[in-house]
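In case you want the letters, here they are:
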Amino acid sequence: MSAPVSYRRGDAGMPRDLVPEYRSTVLRAPQQPRIEIPHTLTETTGPSGCWDRLMGKAAADLTAQHRGEPIGQRIVVSGRVLDEDGRPVPDTVMEIWQANAAGRYIHAKDSWDAPLDPNFTGAGRIVTDADGRYRFTTIRPGAYPWGNHKNAWRPAHIHLSLLGPAFATRLVTQMYFPDDPLIEIDPIANAIPMPYRQRMVSRFDIATTQPNRALGYLFDVVLKGREQTPFEEDGHD
Amino acid sequence: MTDVTATLEGRNAAPRQDNQDPDLFGQTPSQTVGPFFHYGLPWKGGADLVGKSDLGARPELFGEAHYVLNLSAPTGTPRGEAIELVGTVRDAEGAPVADAMIEIWQANAEGRYRSEDDARDDAAIDPHFVGFGRSSTSDEGAYRFRTIMPGRVPGPDGTLQAPHIAVSVFARGVLNRLATRVYFAGSEGLDTDAVLAQVPEERRGTLLARSEKEGVWTLDIALGGPDETVFFDL
Ligand SMILES: [Fe+2]
(Lines give C-alpha, C1' and ligand atoms only; values in the text may rest on other atoms or scores of the structure.)
Protein backbone atom coordinates (compact mmCIF):
# COMPACT_ATOMS: atom_id res chain seq x y z
CA MET A 1 0.00 0.00 0.00
CA SER A 2 1.32 3.46 -0.83
CA ALA A 3 1.65 6.02 1.97
CA PRO A 4 -1.25 8.45 2.30
CA VAL A 5 -0.60 11.89 0.82
CA SER A 6 -0.56 14.57 3.52
CA TYR A 7 -2.68 17.70 3.45
CA ARG A 8 -1.11 21.13 3.80
CA ARG A 9 -1.18 22.90 7.17
CA GLY A 10 -3.17 26.03 7.93
CA ASP A 11 -2.07 29.12 6.01
CA ALA A 12 -1.52 32.74 7.11
CA GLY A 13 -5.28 33.34 7.29
CA MET A 14 -5.74 30.89 10.16
CA PRO A 15 -6.94 32.52 13.39
CA ARG A 16 -4.87 32.62 16.54
CA ASP A 17 -6.47 30.66 19.37
CA LEU A 18 -6.23 33.41 21.96
CA VAL A 19 -7.86 36.67 20.89
CA PRO A 20 -8.48 38.60 24.15
CA GLU A 21 -10.86 41.04 22.40
CA TYR A 22 -13.11 37.99 21.88
CA ARG A 23 -13.60 37.28 25.56
CA SER A 24 -14.71 33.66 25.31
CA THR A 25 -11.28 32.70 24.00
CA VAL A 26 -9.55 33.64 27.25
CA LEU A 27 -10.47 30.49 29.17
CA ARG A 28 -11.03 28.29 26.14
CA ALA A 29 -7.94 28.80 24.00
CA PRO A 30 -5.27 26.16 24.62
CA GLN A 31 -2.25 27.63 26.36
CA GLN A 32 0.24 25.05 25.09
CA PRO A 33 1.33 25.14 21.45
CA ARG A 34 -0.35 22.61 19.19
CA ILE A 35 1.81 19.61 18.40
CA GLU A 36 2.46 18.85 14.75
CA ILE A 37 1.77 15.23 13.87
CA PRO A 38 2.33 13.24 10.68
CA HIS A 39 -0.75 12.73 8.54
CA THR A 40 -1.68 9.06 8.70
CA LEU A 41 -4.72 7.32 7.20
CA THR A 42 -6.69 8.75 10.13
CA GLU A 43 -6.07 12.33 9.01
CA THR A 44 -6.29 11.73 5.25
CA THR A 45 -9.65 9.94 5.27
CA GLY A 46 -13.19 11.08 6.01
CA PRO A 47 -16.69 9.70 5.56
CA SER A 48 -17.76 9.79 1.94
CA GLY A 49 -20.80 8.78 -0.05
CA CYS A 50 -23.08 8.27 2.94
CA TRP A 51 -24.53 11.72 3.66
CA ASP A 52 -28.15 10.74 3.33
CA ARG A 53 -27.67 8.00 5.83
CA LEU A 54 -25.75 10.19 8.27
CA MET A 55 -27.61 13.47 8.07
CA GLY A 56 -30.64 12.97 5.91
CA LYS A 57 -31.76 14.44 2.61
CA ALA A 58 -30.48 17.76 1.37
CA ALA A 59 -32.35 20.85 2.58
CA ALA A 60 -31.32 23.59 0.17
CA ASP A 61 -34.28 25.95 0.53
CA LEU A 62 -34.45 27.42 4.00
CA THR A 63 -37.49 29.47 3.00
CA ALA A 64 -39.61 26.36 2.36
CA GLN A 65 -39.43 24.47 5.64
CA HIS A 66 -42.67 25.68 7.20
CA ARG A 67 -46.25 26.47 6.28
CA GLY A 68 -45.62 30.05 5.24
CA GLU A 69 -42.78 32.09 3.80
CA PRO A 70 -40.37 33.65 6.26
CA ILE A 71 -40.15 37.42 6.60
CA GLY A 72 -37.04 39.07 5.19
CA GLN A 73 -34.92 39.62 2.10
CA ARG A 74 -34.87 36.40 0.10
CA ILE A 75 -31.36 35.55 -1.12
CA VAL A 76 -29.57 32.82 -3.05
CA VAL A 77 -26.04 31.88 -2.05
CA SER A 78 -24.03 29.98 -4.60
CA GLY A 79 -20.45 29.00 -5.22
CA ARG A 80 -17.98 26.17 -5.30
CA VAL A 81 -16.07 24.14 -2.77
CA LEU A 82 -12.47 23.95 -3.96
CA ASP A 83 -9.12 22.85 -2.63
CA GLU A 84 -6.14 25.18 -2.43
CA ASP A 85 -5.05 24.17 -5.93
CA GLY A 86 -8.40 25.22 -7.35
CA ARG A 87 -9.65 21.68 -7.82
CA PRO A 88 -13.35 21.13 -7.13
CA VAL A 89 -14.36 19.12 -4.07
CA PRO A 90 -17.37 17.10 -5.28
CA ASP A 91 -19.93 15.20 -3.23
CA THR A 92 -19.07 16.92 0.03
CA VAL A 93 -21.61 18.10 2.56
CA MET A 94 -22.04 21.73 3.61
CA GLU A 95 -24.16 22.44 6.65
CA ILE A 96 -25.74 25.85 7.20
CA TRP A 97 -27.29 27.61 10.17
CA GLN A 98 -28.17 31.22 10.80
CA ALA A 99 -30.33 33.77 12.58
CA ASN A 100 -33.59 35.06 11.08
CA ALA A 101 -34.07 38.42 9.34
CA ALA A 102 -34.32 40.17 12.71
CA GLY A 103 -31.05 38.63 13.93
CA ARG A 104 -32.73 36.13 16.27
CA TYR A 105 -31.84 32.43 16.55
CA ILE A 106 -34.51 29.80 17.25
CA HIS A 107 -32.35 28.68 20.17
CA ALA A 108 -33.53 28.56 23.79
CA LYS A 109 -30.38 30.33 24.93
CA ASP A 110 -30.75 33.24 22.54
CA SER A 111 -32.41 35.65 24.97
CA TRP A 112 -32.47 38.71 22.75
CA ASP A 113 -36.01 40.06 22.38
CA ALA A 114 -35.97 40.46 18.60
CA PRO A 115 -38.94 38.62 17.07
CA LEU A 116 -38.90 34.95 16.19
CA ASP A 117 -40.33 33.95 12.81
CA PRO A 118 -42.56 30.85 12.98
CA ASN A 119 -41.77 30.21 9.33
CA PHE A 120 -38.01 30.19 9.67
CA THR A 121 -35.68 27.69 11.29
CA GLY A 122 -32.44 28.67 9.59
CA ALA A 123 -30.81 25.25 9.21
CA GLY A 124 -29.97 23.46 5.98
CA ARG A 125 -27.52 21.14 4.31
CA ILE A 126 -26.41 20.54 0.76
CA VAL A 127 -24.04 18.25 -1.08
CA THR A 128 -21.75 19.65 -3.77
CA ASP A 129 -22.14 18.39 -7.33
CA ALA A 130 -19.42 16.87 -9.54
CA ASP A 131 -17.91 20.35 -10.12
CA GLY A 132 -17.98 21.21 -6.43
CA ARG A 133 -20.93 23.57 -6.94
CA TYR A 134 -23.60 24.31 -4.38
CA ARG A 135 -26.56 26.64 -4.10
CA PHE A 136 -29.05 27.39 -1.36
CA THR A 137 -31.95 29.77 -0.84
CA THR A 138 -32.53 31.55 2.44
CA ILE A 139 -33.31 34.97 3.86
CA ARG A 140 -30.62 37.45 4.69
CA PRO A 141 -29.86 37.15 8.42
CA GLY A 142 -29.93 40.25 10.59
CA ALA A 143 -27.13 41.54 12.79
CA TYR A 144 -27.50 40.80 16.48
CA PRO A 145 -26.12 42.13 19.78
CA TRP A 146 -24.00 39.94 22.03
CA GLY A 147 -22.46 40.32 25.45
CA ASN A 148 -18.82 40.47 24.49
CA HIS A 149 -18.39 44.16 25.26
CA LYS A 150 -20.49 47.29 25.53
CA ASN A 151 -22.74 47.74 22.50
CA ALA A 152 -21.27 44.73 20.71
CA TRP A 153 -23.04 43.61 17.51
CA ARG A 154 -22.22 40.66 15.29
CA PRO A 155 -22.22 41.50 11.58
CA ALA A 156 -24.82 39.58 9.57
CA HIS A 157 -23.40 36.12 8.91
CA ILE A 158 -24.27 32.59 7.88
CA HIS A 159 -22.53 29.75 9.73
CA LEU A 160 -21.07 27.11 7.41
CA SER A 161 -19.68 23.69 8.30
CA LEU A 162 -17.76 21.46 5.87
CA LEU A 163 -16.13 18.10 6.33
CA GLY A 164 -14.29 17.96 3.02
CA PRO A 165 -12.57 14.75 1.99
CA ALA A 166 -10.55 14.15 5.16
CA PHE A 167 -10.31 14.68 8.91
CA ALA A 168 -7.54 17.17 8.08
CA THR A 169 -9.82 19.33 5.91
CA ARG A 170 -12.60 19.90 8.47
CA LEU A 171 -13.74 23.53 8.43
CA VAL A 172 -16.29 25.60 10.31
CA THR A 173 -16.51 29.20 9.16
CA GLN A 174 -18.88 32.16 8.80
CA MET A 175 -19.89 33.93 5.60
CA TYR A 176 -20.27 37.70 5.78
CA PHE A 177 -21.98 40.19 3.48
CA PRO A 178 -20.38 42.97 1.44
CA ASP A 179 -20.51 46.52 2.75
CA ASP A 180 -21.33 45.55 6.31
CA PRO A 181 -19.78 48.20 8.57
CA LEU A 182 -19.93 45.82 11.55
CA ILE A 183 -17.28 43.49 10.13
CA GLU A 184 -14.37 45.74 10.96
CA ILE A 185 -15.46 46.19 14.58
CA ASP A 186 -16.26 42.51 15.17
CA PRO A 187 -13.70 40.63 17.29
CA ILE A 188 -14.57 37.26 15.72
CA ALA A 189 -14.06 38.40 12.13
CA ASN A 190 -11.04 40.38 13.31
CA ALA A 191 -9.40 37.22 14.63
CA ILE A 192 -8.43 36.81 10.97
CA PRO A 193 -5.71 39.25 9.86
CA MET A 194 -6.17 41.37 6.76
CA PRO A 195 -6.32 40.79 3.89
CA TYR A 196 -7.37 37.17 4.63
CA ARG A 197 -10.47 38.35 6.52
CA GLN A 198 -11.90 39.45 3.18
CA ARG A 199 -11.96 35.80 2.08
CA MET A 200 -15.04 35.47 4.28
CA VAL A 201 -16.92 38.32 2.60
CA SER A 202 -19.32 37.18 -0.10
CA ARG A 203 -19.90 39.12 -3.32
CA PHE A 204 -23.22 40.41 -4.56
CA ASP A 205 -23.74 39.04 -8.06
CA ILE A 206 -26.37 40.21 -10.51
CA ALA A 207 -26.03 37.04 -12.61
CA THR A 208 -26.88 34.88 -9.59
CA THR A 209 -29.74 37.19 -8.66
CA GLN A 210 -33.10 35.72 -9.68
CA PRO A 211 -35.45 38.23 -11.33
CA ASN A 212 -38.45 39.04 -9.13
CA ARG A 213 -37.30 36.41 -6.64
CA ALA A 214 -34.01 36.70 -4.74
CA LEU A 215 -30.73 38.63 -4.52
CA GLY A 216 -27.68 36.52 -5.38
CA TYR A 217 -24.39 36.20 -3.53
CA LEU A 218 -21.27 34.29 -4.53
CA PHE A 219 -19.10 32.50 -1.99
CA ASP A 220 -16.44 29.89 -2.71
CA VAL A 221 -15.12 27.78 0.14
CA VAL A 222 -11.47 26.76 -0.13
CA LEU A 223 -10.30 23.72 1.83
CA LYS A 224 -6.75 22.58 2.50
CA GLY A 225 -5.07 20.99 -0.51
CA ARG A 226 -2.75 18.02 -0.77
CA GLU A 227 0.93 18.37 -0.01
CA GLN A 228 1.79 16.93 -3.41
CA THR A 229 -0.21 15.74 -6.35
CA PRO A 230 -0.62 11.97 -6.25
CA PHE A 231 0.94 10.21 -9.23
CA GLU A 232 -1.45 9.47 -12.04
CA GLU A 233 -1.98 5.74 -12.39
CA ASP A 234 -0.52 4.66 -15.72
CA GLY A 235 -2.06 1.21 -15.57
CA HIS A 236 1.31 -0.57 -15.76
CA ASP A 237 1.94 -1.53 -12.17
CA MET B 1 -34.35 54.96 -21.55
CA THR B 2 -34.07 51.33 -22.66
CA ASP B 3 -30.41 52.02 -23.50
CA VAL B 4 -29.71 52.96 -19.91
CA THR B 5 -31.33 49.77 -18.67
CA ALA B 6 -29.23 47.76 -21.09
CA THR B 7 -25.98 49.24 -19.82
CA LEU B 8 -26.91 48.72 -16.18
CA GLU B 9 -27.96 45.13 -16.60
CA GLY B 10 -25.19 42.62 -16.03
CA ARG B 11 -23.02 45.14 -14.21
CA ASN B 12 -21.89 44.41 -10.69
CA ALA B 13 -21.45 46.73 -7.74
CA ALA B 14 -18.12 48.54 -7.32
CA PRO B 15 -15.40 45.89 -7.02
CA ARG B 16 -13.56 45.50 -3.73
CA GLN B 17 -11.51 42.71 -2.22
CA ASP B 18 -13.73 39.82 -1.27
CA ASN B 19 -14.16 36.09 -1.50
CA GLN B 20 -14.16 36.18 -5.32
CA ASP B 21 -10.90 38.11 -5.69
CA PRO B 22 -8.30 35.85 -7.37
CA ASP B 23 -5.50 37.70 -5.52
CA LEU B 24 -6.95 36.49 -2.23
CA PHE B 25 -7.52 32.87 -3.24
CA GLY B 26 -6.54 30.47 -0.45
CA GLN B 27 -7.85 28.57 2.55
CA THR B 28 -11.13 29.91 3.89
CA PRO B 29 -10.34 31.00 7.47
CA SER B 30 -11.86 29.14 10.39
CA GLN B 31 -14.41 30.79 12.68
CA THR B 32 -16.06 29.72 15.89
CA VAL B 33 -19.13 27.50 15.82
CA GLY B 34 -20.71 29.94 18.31
CA PRO B 35 -23.23 28.97 21.01
CA PHE B 36 -26.29 28.35 18.79
CA PHE B 37 -25.31 25.41 16.57
CA HIS B 38 -27.61 22.84 18.20
CA TYR B 39 -30.43 23.01 15.66
CA GLY B 40 -28.01 22.89 12.72
CA LEU B 41 -25.29 20.33 13.46
CA PRO B 42 -25.76 17.54 16.02
CA TRP B 43 -28.51 15.17 14.91
CA LYS B 44 -30.48 12.66 16.98
CA GLY B 45 -28.48 9.46 17.10
CA GLY B 46 -25.35 11.22 15.87
CA ALA B 47 -23.44 10.03 18.91
CA ASP B 48 -24.71 6.47 18.68
CA LEU B 49 -22.64 4.67 16.05
CA VAL B 50 -23.91 1.28 17.19
CA GLY B 51 -27.63 1.39 17.96
CA LYS B 52 -30.79 3.42 17.58
CA SER B 53 -30.82 5.82 20.52
CA ASP B 54 -31.26 9.60 20.26
CA LEU B 55 -27.79 10.20 21.67
CA GLY B 56 -25.95 13.29 20.50
CA ALA B 57 -28.59 15.99 19.96
CA ARG B 58 -30.19 18.45 22.39
CA PRO B 59 -33.65 19.06 20.92
CA GLU B 60 -34.75 20.65 24.22
CA LEU B 61 -32.75 23.72 23.17
CA PHE B 62 -35.20 24.50 20.37
CA GLY B 63 -38.76 23.57 19.45
CA GLU B 64 -39.48 20.22 17.85
CA ALA B 65 -40.99 22.08 14.87
CA HIS B 66 -37.49 23.35 14.17
CA TYR B 67 -35.84 19.96 14.11
CA VAL B 68 -34.96 19.62 10.42
CA LEU B 69 -32.03 17.25 10.76
CA ASN B 70 -31.97 13.56 10.14
CA LEU B 71 -33.02 10.79 12.44
CA SER B 72 -30.07 8.45 12.34
CA ALA B 73 -31.05 5.31 10.43
CA PRO B 74 -28.76 2.44 11.33
CA THR B 75 -28.93 -0.48 8.92
CA GLY B 76 -27.75 -3.14 11.35
CA THR B 77 -25.34 -3.90 14.14
CA PRO B 78 -21.68 -3.27 13.37
CA ARG B 79 -19.06 -5.92 14.06
CA GLY B 80 -16.74 -5.63 17.02
CA GLU B 81 -16.76 -4.69 20.67
CA ALA B 82 -19.38 -2.05 21.50
CA ILE B 83 -18.03 0.58 23.88
CA GLU B 84 -19.10 3.84 25.43
CA LEU B 85 -16.78 6.82 25.27
CA VAL B 86 -17.63 9.48 27.83
CA GLY B 87 -16.04 12.52 29.39
CA THR B 88 -16.38 16.13 30.43
CA VAL B 89 -15.10 19.17 28.58
CA ARG B 90 -13.65 21.83 30.88
CA ASP B 91 -12.12 25.26 30.38
CA ALA B 92 -8.81 26.54 31.75
CA GLU B 93 -10.35 27.09 35.18
CA GLY B 94 -12.02 23.70 35.29
CA ALA B 95 -15.55 24.96 34.59
CA PRO B 96 -17.66 22.62 32.43
CA VAL B 97 -18.14 23.73 28.82
CA ALA B 98 -21.87 23.34 28.25
CA ASP B 99 -21.91 24.52 24.65
CA ALA B 100 -19.26 22.37 23.03
CA MET B 101 -19.65 19.86 20.24
CA ILE B 102 -17.40 16.82 19.99
CA GLU B 103 -16.90 15.03 16.69
CA ILE B 104 -15.28 11.65 16.23
CA TRP B 105 -13.83 9.82 13.25
CA GLN B 106 -12.56 6.29 13.51
CA ALA B 107 -11.85 3.00 11.79
CA ASN B 108 -14.07 -0.04 12.20
CA ALA B 109 -13.22 -3.09 14.31
CA GLU B 110 -10.88 -4.37 11.59
CA GLY B 111 -9.03 -1.09 11.30
CA ARG B 112 -10.61 0.03 8.04
CA TYR B 113 -11.93 3.53 7.34
CA ARG B 114 -15.22 4.05 5.50
CA SER B 115 -13.58 6.39 3.03
CA GLU B 116 -12.69 6.38 -0.63
CA ASP B 117 -9.18 7.37 0.44
CA ASP B 118 -8.68 4.11 2.31
CA ALA B 119 -8.17 1.79 -0.62
CA ARG B 120 -6.65 -1.17 1.23
CA ASP B 121 -7.92 -4.62 0.41
CA ASP B 122 -6.50 -6.33 3.51
CA ALA B 123 -9.25 -5.01 5.81
CA ALA B 124 -12.97 -5.02 5.02
CA ILE B 125 -15.58 -2.25 5.17
CA ASP B 126 -18.36 -2.93 7.63
CA PRO B 127 -21.65 -2.11 5.86
CA HIS B 128 -23.20 -1.14 9.21
CA PHE B 129 -20.48 1.19 10.40
CA VAL B 130 -19.51 4.65 9.13
CA GLY B 131 -17.29 5.76 12.01
CA PHE B 132 -18.31 9.42 12.12
CA GLY B 133 -20.26 10.89 15.04
CA ARG B 134 -21.25 14.05 16.87
CA SER B 135 -22.15 14.72 20.47
CA SER B 136 -23.27 18.00 22.00
CA THR B 137 -22.08 18.49 25.55
CA SER B 138 -24.69 18.64 28.30
CA ASP B 139 -25.21 21.48 30.75
CA GLU B 140 -22.60 19.69 32.86
CA GLY B 141 -20.13 19.67 29.96
CA ALA B 142 -20.48 15.93 29.39
CA TYR B 143 -20.21 14.17 26.04
CA ARG B 144 -21.11 10.55 25.38
CA PHE B 145 -20.71 8.24 22.40
CA ARG B 146 -21.67 4.63 21.79
CA THR B 147 -19.28 3.15 19.27
CA ILE B 148 -16.99 0.22 18.45
CA MET B 149 -13.48 -0.33 19.71
CA PRO B 150 -11.46 0.59 16.60
CA GLY B 151 -8.94 -1.81 15.11
CA ARG B 152 -5.35 -0.83 14.44
CA VAL B 153 -4.59 1.12 11.27
CA PRO B 154 -1.24 1.60 9.53
CA GLY B 155 0.99 4.48 10.52
CA PRO B 156 4.14 5.84 8.89
CA ASP B 157 6.87 3.50 7.64
CA GLY B 158 4.93 0.28 7.88
CA THR B 159 4.23 0.55 11.60
CA LEU B 160 0.81 -0.10 13.06
CA GLN B 161 -0.82 2.62 15.13
CA ALA B 162 -2.39 1.86 18.48
CA PRO B 163 -6.22 1.83 18.42
CA HIS B 164 -7.43 5.41 18.49
CA ILE B 165 -10.31 7.75 17.66
CA ALA B 166 -9.73 11.14 16.06
CA VAL B 167 -11.56 13.93 17.89
CA SER B 168 -12.51 17.52 17.01
CA VAL B 169 -13.67 19.97 19.67
CA PHE B 170 -15.84 22.93 18.64
CA ALA B 171 -17.23 25.59 20.97
CA ARG B 172 -17.98 29.25 21.46
CA GLY B 173 -14.59 30.84 22.05
CA VAL B 174 -12.80 28.21 19.96
CA LEU B 175 -11.88 29.95 16.72
CA ASN B 176 -10.18 26.98 15.12
CA ARG B 177 -11.38 23.46 15.91
CA LEU B 178 -9.21 21.63 18.40
CA ALA B 179 -8.04 18.29 17.02
CA THR B 180 -6.92 15.53 19.34
CA ARG B 181 -7.07 11.75 19.70
CA VAL B 182 -8.42 9.25 22.17
CA TYR B 183 -6.23 6.22 22.87
CA PHE B 184 -7.12 3.38 25.22
CA ALA B 185 -5.01 2.66 28.30
CA GLY B 186 -3.45 -0.78 28.21
CA SER B 187 -4.05 -1.42 24.52
CA GLU B 188 -1.46 -2.80 22.15
CA GLY B 189 0.94 -0.55 20.30
CA LEU B 190 0.94 2.49 22.58
CA ASP B 191 4.74 2.31 22.95
CA THR B 192 5.37 2.35 19.21
CA ASP B 193 2.60 4.68 18.03
CA ALA B 194 4.10 7.31 15.69
CA VAL B 195 1.66 10.06 16.68
CA LEU B 196 1.93 9.49 20.43
CA ALA B 197 5.70 9.59 19.95
CA GLN B 198 5.38 13.29 19.02
CA VAL B 199 3.79 14.03 22.40
CA PRO B 200 6.03 14.68 25.43
CA GLU B 201 5.76 11.68 27.73
CA GLU B 202 4.40 13.65 30.67
CA ARG B 203 1.43 14.86 28.57
CA ARG B 204 0.49 11.54 26.93
CA GLY B 205 -1.91 10.74 29.74
CA THR B 206 -4.22 13.49 28.49
CA LEU B 207 -4.94 11.29 25.44
CA LEU B 208 -5.46 7.99 27.29
CA ALA B 209 -9.03 6.95 28.04
CA ARG B 210 -9.37 4.72 31.08
CA SER B 211 -11.94 2.10 31.86
CA GLU B 212 -13.21 1.49 35.37
CA LYS B 213 -16.36 -0.24 34.24
CA GLU B 214 -16.50 -2.93 31.57
CA GLY B 215 -17.01 -1.34 28.16
CA VAL B 216 -17.06 2.27 29.38
CA TRP B 217 -14.05 4.43 28.59
CA THR B 218 -13.62 7.87 30.12
CA LEU B 219 -11.53 10.76 28.89
CA ASP B 220 -12.00 14.34 30.01
CA ILE B 221 -10.97 17.15 27.69
CA ALA B 222 -9.30 20.21 29.23
CA LEU B 223 -9.09 23.25 26.94
CA GLY B 224 -6.47 24.76 29.27
CA GLY B 225 -5.13 24.53 32.78
CA PRO B 226 -2.61 22.17 34.38
CA ASP B 227 -3.99 19.04 32.64
CA GLU B 228 -4.54 20.68 29.27
CA THR B 229 -5.33 18.11 26.61
CA VAL B 230 -2.76 17.78 23.86
CA PHE B 231 -4.11 19.34 20.67
CA PHE B 232 -2.61 18.75 17.25
CA ASP B 233 -1.52 21.02 14.46
CA LEU B 234 -3.02 19.44 11.41
FE1 LIG C 1 -24.00 33.49 14.75
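Since we're looking at a predicted model, the values are computed, not measured.

A closer look at the coordination of the iron ion
Residue and element names in this part refer to chain A.
Step number 1: With distances of 1.9 to 2.2 Å, the protein atoms coordinating the iron ion are Tyr105 (OH), Tyr144 (OH), His157 (NE2) and His159 (NE2).
Step number 2: When the donors of the iron ion are listed by position in the chain, the intervening gaps give Y-x38-Y-x12-H-x1-H. Linking Tyr105 in the loop between β3 (93–98) and β4 (123–127) with His159 in strand β8 (residues 157–162), this pair joins segments that are 54 residues apart in sequence.
Step number 3: Judged by relative accessible area, Tyr105 falls into the buried class, the value being 1%.
Step number 4: Taking the relative accessible area as the measure of exposure, His159 reaches 3% and is therefore buried.

Digging into the packing of aromatic side chains
Step number 1: In the structure shown here, the tally under the stated rule is 13 aromatic pairs over all chains.
Step number 2: The interplanar angle of 15 degrees and the centroid separation of 6.5 Å between the aromatic rings of Trp43(B) and Phe132(B) together place this pair among those described as stacked. With a gap of 89 residues between them, Trp43(B) in the loop between α1 (2–8) and β1 (82–90) and Phe132(B) in strand β3 (residues 132–136) connect regions that are remote in the sequence. One exposure class covers both Trp43(B) and Phe132(B), and it is buried.
Step number 3: Through successive ring pairs, a cluster of aromatic residues spans Tyr105(A), Tyr144(A) and Phe36(B).
Step number 4: Positioned above the aromatic ring of Phe167(A) is the side chain of Arg177(B), whose terminal nitrogen or guanidinium carbon lies 4.5 Å from the ring centre.

Reading the values: the criteria
Residues numbered from 1 in each chain as written. Chains lettered and ligands numbered in written order. Predicted model: local features only at pLDDT ≥ 70, side-chain atom pairs only at ≥ 80, totals over all residues. Heavy atoms only, no water. Donors = N, O, S within 2.8 Å, 3.2 Å for Na, K, Ca; no water. Helix = DSSP H or I, 4+ residues; strand = E, 2+ residues; numbered from the N terminus. Buried < 20%, exposed > 50% of the residue type's maximum accessible area, 1.4 Å probe, protein only. Phe/Tyr/Trp six-rings, centres within 6.5 Å; stacked < 30°, edge-to-face > 60°. Lys NZ or Arg CZ within 6 Å of the ring centre and 35° of its normal.

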